[in-house]
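Notes for the structure review
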Amino acid sequence: MARKIAADFAVVAGSGFSGDAPFEGPVAVAVREDRIVWVGAPEDLAGEVEASSILEFPGSFLMPGFHDAHIHMFHSALYHSDLAERYCGASEADAVARLAPLAARRPAGGWLLTQGWRDYLWEPPVTPSKASLDAAYPDRPVAMYSGDAHTLWLNSCALERLGIAEDSVPPAGGSYDKDENGQLTGIVREAAAMALMPRIVGEFSREELLDAYRGLFARLSAEGITSVCDVSLMALPGLDFVRDDLYEDLLAAGDLTVRVHLFPTLLEGTTRLAELQEKLTDPLLQAQGYKQFFDGVSSQHTAWVHDPYSNPHFPGDNGRPTVDPRVMKRLLAEARAEGQPVRIHAIGDEAIHQLLDFFEEEGEGSQRPHNSIEHLENFQPADIARLARLGVVASVQPRHITLDPGGPERDLGPERVPFMWPFRTLLDEGAVLAFGTDSPVTATNPLDAVYTAVTRRDADSHQPEGGWLPEERITTEEALRAYTVGSATAASREEDLGRIAPGQFADFILLDRNLLTANPEAIQQATPQATFVAGRRVY
């Protein structure tokens with residue numbers, strides 16, 4: 001008689017999804033230490049596995065844990081904590097008024113920090129200025145990051161504390177807005193906004209930040225997220241906010257309840273990634289590659305597009321690259337020589353096109369490690385198939401689709417709209433999709449992102465009726481695969497993560513309903529019942 005497989009415990013569920021396909025009927029999974037050692041039918045469990053305990057979840061749906069392929073953990077932790085506020089506001093005046101609770105709980109004279117405003121959603125939709133903030137808070141600094149985290153709205157006190165004056169020169173790739181009289185408006189954009197963040201958050205203590213991370217981990221576990229790719233939000237040296245120091249403290253304390261993959265900034269001559277890879281050897285915390293920016297965002301006309309914007313701010317308004325293309329090409333070649341994958345932010349069709357040119361010249365293929373392009377909002381039509389052929393992962397965030405209703409039509413015009421977030425076409429061409437949220441740009445809840453990918457409707461308003469570009473809808477199974485296997489591929493961890501299979505890490509969740517048979521309108525109502533990371537129940 002064959003010896004039984006030894007396991008610490010087994011889980012039995014009513015239905016499930018392996019990451020590749022649905023299981024046929026109920027499923028059982030056995031775990032030893034941090035790995036899955038057996039998967040099969042519940043009726044075969046007793047005969048094949050010697051498990052110390054069996055956890056029964058009748059009627060539940062077992063699947064690999066969600067893997068957020070693109071999240072900014074420092075900012076997500078901060079804006080979901082008591083240290084800051086996160087909201088859009090209904091208008092400039094409303095956004096200022098909503099600062100009051102934060103001002104009441106933070107130390108007098110300290111920074112007031114928020115994220116989330118989107119002027120194109122306000123009534124009226126006008127760019128804010130320091131004047132409204134100065135009227136309410138003349139004596140304490142206020143920093144309000146936009147919802148896309150690319151623009152910063154400051155008051156005069158903040159400008160003074162940061163040393164920004166009319167003659168100040170912004171860093172490359174950024175700007176300080178001025179009015180017709182040459183006076184600072186308080187609006188700071190792109191690299192200039194990013195560069196100020198370290199000074200603004202400098203007043204928060206290490207323990208405050210660690211508590212913020214713990215709070216975020218609890219939130220992610222409750223939402224069924226077991227892995228993340230923490231990607232740099234900064235394009236400048238030393239400003240990536242990939243906080244390995246905080247993670248190491250949390251890991252040592254046993255408080256790291258999410259598997260983390262770090263992607264610091266890709267820079268010339270940097271040794272940071274190599275140093276991180278040498279010291280971070282725990283399977284829960286590893287550095288997996290580089291991140292860089294190649295353009296900005298369409299709503300602010302900073303994404304780099306081939307043809308001018310349909311509502312240009314000035315003649316020849318095509319956006320711009322944030323890194324000189326010659327420099328980007330050199331950076332990519334250096335990363336390839338090191339055998340390191342890259343994650344490149346590219347939203348506009350020209351940024352995407354030139355990146356694909358670079359990858360094609362380098363002889364890019366489907367071999368590991370996997371390069372990815374982040375966001376990919378609009379394509380030159382022929383580039384959809386080219387991306388798939390080159391084996392470049394499309395790392396996308398479904399909730400971006402409905403962030404700005406009418407925005408694509410306004411900024412890019414009807415000819416380019418059909419090539420916006422073309423998930424169906426990308427899959428049909430053979431591309432790998434990896435899903436994430438870009439939190440704090442959108443909320444961390446993965447079920448909301450799955451809903452939007454499947455329906456092409458906003459997860460909050462459930463509009464537009466019938467979906468925006470409904471021909472680009474994908475199935476729930478395809479969306480779950482993108483959020484598991486696809487994200488593991490983007491992290492170059494598909495050999496260990498993203499599937500329910502022997503040898504894979506025991507990172508899985510149980511939901512209260514079968515997502516594959518549920519009506520798409522019920523996806524958001526699904527509730528995680530349990531979350532396991534490395535064989536440890538964390539929720």
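Right above here is the structure, for reference.
Below is a short write-up of the structure. (Residues numbered from 1 in each chain as written. Predicted model: local features only at pLDDT ≥ 70, side-chain atom pairs only at ≥ 80, totals over all residues. Heavy atoms only, no water.)

Moving on: the overall build of the protein. When you go through the protein residue by residue, the secondary structure sums to 17 helices and 24 strands. A globule of 539 residues ought to have a C-alpha radius of gyration of about 24 Å, and the protein, at 23 Å, matches this closely. When the backbone C-alpha atoms are referred to their principal axes, the protein occupies close to 90 × 55 × 50 Å. Out of the 539 residues in the protein, the part that is buried amounts to 60%. Across the protein, contacts joining residues at least 24 apart in sequence account for 73% of those joining residues at least 6 apart. For the protein, the exposed surface amounts to about 19,400 Å²; the carbon and sulfur share of it is 51%. Within the protein, the 80 negative side-chain charges are centred at a point lying 3 Å from the centre of the 45 positive side-chain charges. (Helix = DSSP H or I, 4+ residues; strand = E, 2+ residues; numbered from the N terminus. Rg over C-alpha atoms; globule rule 2.2 N^0.38 Å. Buried < 20%, exposed > 50% of the residue type's maximum accessible area, 1.4 Å probe, protein only. Contact = heavy atoms within 4.5 Å. Areas by Shrake-Rupley, 256 points an atom, 1.4 Å probe, with all protein chains shown as cover. Lys, Arg positive; Asp, Glu negative; His and termini not counted. Charge placed at Lys NZ, Arg CZ, Asp CG, Glu CD.)

Turning to the pairing of strand β12 (residues 174-178), a few remarks are in order. Look at any regular strand and the pattern is simple: side chains alternate between the two faces of the sheet. In the sheet, β12 pairs with strand β13 (residues 184-189) via three bridges, with the strands oriented antiparallel. Its bridge partner being in β13, Y176 is matched across the sheet by V188. Adjacent in sequence and paired antiparallel, β12 and β13 are bridged by five residues, among which G182 carries a positive phi angle near 80 degrees. (Pairing = 2+ DSSP bridges.)

A few words now on the environment of A218. By secondary structure assignment, the location of A218 is in helix α8 (residues 206-222). A218 sits in the partly exposed class, given a relative accessible area of 48%. With 38 residues separating them along the chain, A218 and L256 place their C-alpha atoms 9.9 Å apart.

In the structure shown here, the tally under the stated rule is 14 aromatic pairs. Pairing F9 with F532 gives two aromatic rings, centres 5.6 Å apart and planes at 25 degrees, and the pair type is stacked. Linking F9 in strand β2 (residues 9-16) with F532 in strand β23 (residues 528-533), this pair joins segments that are 523 residues apart in sequence. Looking at F9, the relative accessible area reads 9%, which means it is buried. Residue classification places F532 among the buried residues on the basis of a relative accessible area of 2%. Note on F66 and Y483: the rings are 5.1 Å apart at their centroids and 75 degrees apart in plane angle, and the pair reads as edge-to-face. (Phe/Tyr/Trp six-rings, centres within 6.5 Å; stacked < 30°, edge-to-face > 60°.)

Core analysis: the biggest nonpolar cluster contains 120 residues, and L113, L154, L355, I373, L387 and F435 have the highest contact counts within it. Considering each element in turn, this core owes the most residues, seven residues, to α8. (Core = buried A, V, L, I, M, F, W, Y, C linked by side-chain atoms within 4.5 Å.)

This is a description of form; function is not addressed.
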